[in-house]
Amino acid sequence: MKKRKYYFWTGVIVSAVFLYISFSNFDFKTIVEVLRRVKSFPLISGILIFVVSYLLRAPRWQMMFRGRNSLSFKTAMAGVFIGQFGNNVLPWRLGDLWRAVIAKKMDGVSVIAAGTSLLMEKIYDGLSVFLLSIAALLSFSLKKDVRNSIITFGMGVVGVLALLWIFYFFVEAKTRGSEGDSVVKKVVEGLSSFKRPG
């Protein structure tokens, strides 16, 4: 109990110090003036779209992860929002690793398995971007170097996805029914979005 209080008050003090440093040179009068000029409809619409997009990311991660310890919606939601907070304050998108740690703490999911499922999430995001880029490629006249970049990016995403798919089905068959919790088994568990439902 004392340890929790210590962590809590340490967090409060550290947050207060960094908030002071962050806002010490802010011109609040200018900020208030800008906010008064902002049109409420686009602002509220943007906030709603942002919130809804994250509400959809949680069940998507939940559905993608079909490991032995499934993710609860509560854990997936907490992971998405806290992970995004971490991405805003930590370098190299380390908030995504935070999501894996949250999955471990709340649902007992392996950090390696959760992290691998997040890697798959990023690859699927890349595939979505590629498909949207193909639509733009077919709809608009783009420069040759832009077209080449889109094609190269798409080939890379599809290639990585294909390699992971081959790895999953080859290794999953080899490790099925085996005892123990090796790193390979945890990685395979994280790639379970390849698994057929049912």
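Look up a bit, the structure's there.
Every chain is numbered on its own, with residues counted from 1 as its sequence reads. With the structure being a predicted model, the display of local features is reserved for residues of pLDDT at least 70 and the display and counting of side-chain atom pairs for 80 or more, all residues being used for whole-chain, interface and lining totals. As a convention, hydrogens and water are excluded, and side-chain values are obtained from all of the structure's heavy atoms.

## Focus: the overall build of the protein chain
Right, on to step 1. The helix and strand labels rest on DSSP assignments: H or I over at least four residues marks a helix, E over at least two residues marks a strand, and numbering proceeds from the N terminus. A tally of regular secondary structure across the protein chain gives eight helices and zero strands.
Right, on to step 2. Taken from N to C terminus, the helices and strands of the protein chain fall in the order α-α-α-α-α-α-α-α.
Right, on to step 3. All radius of gyration figures rest on C-alpha atoms, and the globule criterion is 2.2 Å times the number of residues raised to 0.38. Against the globule reference of 16 Å for 198 residues, the protein chain gives a C-alpha radius of gyration of 22 Å, more extended than a compact globule.
Right, on to step 4. If you line up the protein chain on its principal axes, its C-alpha atoms span 65 × 65 × 25 Å.
Right, on to step 5. For every residue, the accessible area obtained with a 1.4 Å probe (protein chains only) is divided by the maximum for its type, and the residue is called buried under 20%, exposed over 50%, and partly exposed between those limits. For the protein chain, the residues scored as buried account for 27% of the 198 residues in total.
Right, on to step 6. Long-range pairs, those at least 24 residues apart, make up 59% of the contacts in the protein chain with a sequence separation of at least 6.
Right, on to step 7. Carbon and sulfur atoms form 69% of the exposed surface of the protein chain, whose accessible area is close to 14200 Å².
Right, on to step 8. Note that His is not counted, nor are the chain ends; the positive residues are Lys and Arg, and the negative ones are Asp and Glu. Charge placement uses NZ in Lys and CZ in Arg. For Asp and Glu, CG and CD serve respectively. Of the side-chain charges in the protein chain, 27 are positive and 11 negative, and the distance between the mean point of each set is 3 Å. Note on contacts: a residue pair qualifies if any of its non-hydrogen atoms lie within 4.5 Å across the two residues. Surface accessibility in these figures is a Shrake-Rupley result with a 1.4 Å probe; residues are shielded only by whichever protein chains are displayed.

## Topic: helix H6 (residues 111-139)
Each turn of an α-helix holds 3.6 residues, which means side chains three or four residues apart point in the same direction.
Right, on to step 1. An expected span of 1.5 Å times one less than the residue number is assigned to each helix. An ideal rise of 1.5 Å per residue puts 42 Å on 29 residues; H6 measures up with 42 Å between its terminal C-alpha atoms.
Right, on to step 2. All of the buried residues in H6 are Ala113, Ala114, Thr116, Ser117, Leu118, Met120, Glu121, Ile123, Gly126, Phe130, Ser133 and Leu137.
Right, on to step 3. On its buried face, H6 sits against helix H3 (40-64), helix H5 (95-107), helix H7 (144-175) and helix H8 (183-190).

## Points about H8
Right, on to step 1. What H8 keeps buried is the set Lys185, Val188, Glu189 and Gly190.
Right, on to step 2. Where H8 is buried, its residues contact H6 and H7.

## Let's talk about the environment of glutamate 172
Right, on to step 1. Looking at the secondary structure, you find glutamate 172 in helix H7.
Right, on to step 2. The spacing of glutamate 172 and lysine 5 is 167 residues in sequence and 44 Å in space, taken between C-alpha atoms.

## As for the packing of aromatic side chains
Right, on to step 1. Any two rings among Phe, Tyr and Trp, with Trp reduced to its six-membered ring, count as a pair given centres within 6.5 Å; such a pair is stacked if its planes are under 30 degrees apart, edge-to-face if over 60, and tilted if neither. Within the structure shown, the criterion is met by six aromatic pairs.
Right, on to step 2. When the centroid spacing of 6.2 Å and the interplanar angle of 55° are considered together, the rings of phenylalanine 85 and tryptophan 98 count as tilted. Here tryptophan 98 lies in helix H5 and phenylalanine 85 lies in helix H4 (residues 73-89), a separation of 13 residues in the sequence.
Right, on to step 3. Using a relative accessible area of 48% as the deciding quantity, one classes phenylalanine 85 as partly exposed.
Right, on to step 4. Residues tyrosine 168 and phenylalanine 194 carry aromatic rings whose centres are separated by 5.9 Å and whose planes lie at 45° to one another, so their mutual orientation is tilted.

## Side note on the pattern of salt bridges
Right, on to step 1. One speaks of a salt bridge when a side-chain nitrogen belonging to Lys or Arg is within 4 Å of a carboxyl oxygen belonging to Asp or Glu. Per the stated rule, a full pass over the model turns up seven salt bridges.
Right, on to step 2. With a shortest N-O distance of 3.5 Å, arginine 93 and aspartate 96 are connected by a salt bridge.
Right, on to step 3. Judged by its relative accessible area of 45%, arginine 93 is partly exposed.
Right, on to step 4. Between arginine 99 and glutamate 121 there is a salt bridge, with its nearest N and O atoms 3.0 Å apart. Here glutamate 121 lies in helix H6 and arginine 99 lies in helix H5, a separation of 22 residues in the sequence. Glutamate 121 matches arginine 99 in its accessibility class, with the two residues each being buried.

## Describing the layout of surface pockets
Right, on to step 1. Cavities and pockets are found on a 1 Å grid laid over the protein atoms alone: a cavity is a set of points where a 1.4 Å probe fits but cannot escape, a pocket is an open set with protein on both sides within 12 Å along at least five of seven lines, and a lining residue has an atom within 4 Å of such a point. Grid points are joined across faces, edges and corners, and a volume is the space filled by probe spheres set on the points. A volume near 160 Å³ is recorded for the second largest pocket.
Right, on to step 2. Together, Gly11, Val14, Ser15, Phe18, Leu19, Ser22 and Phe23 line the second largest pocket.

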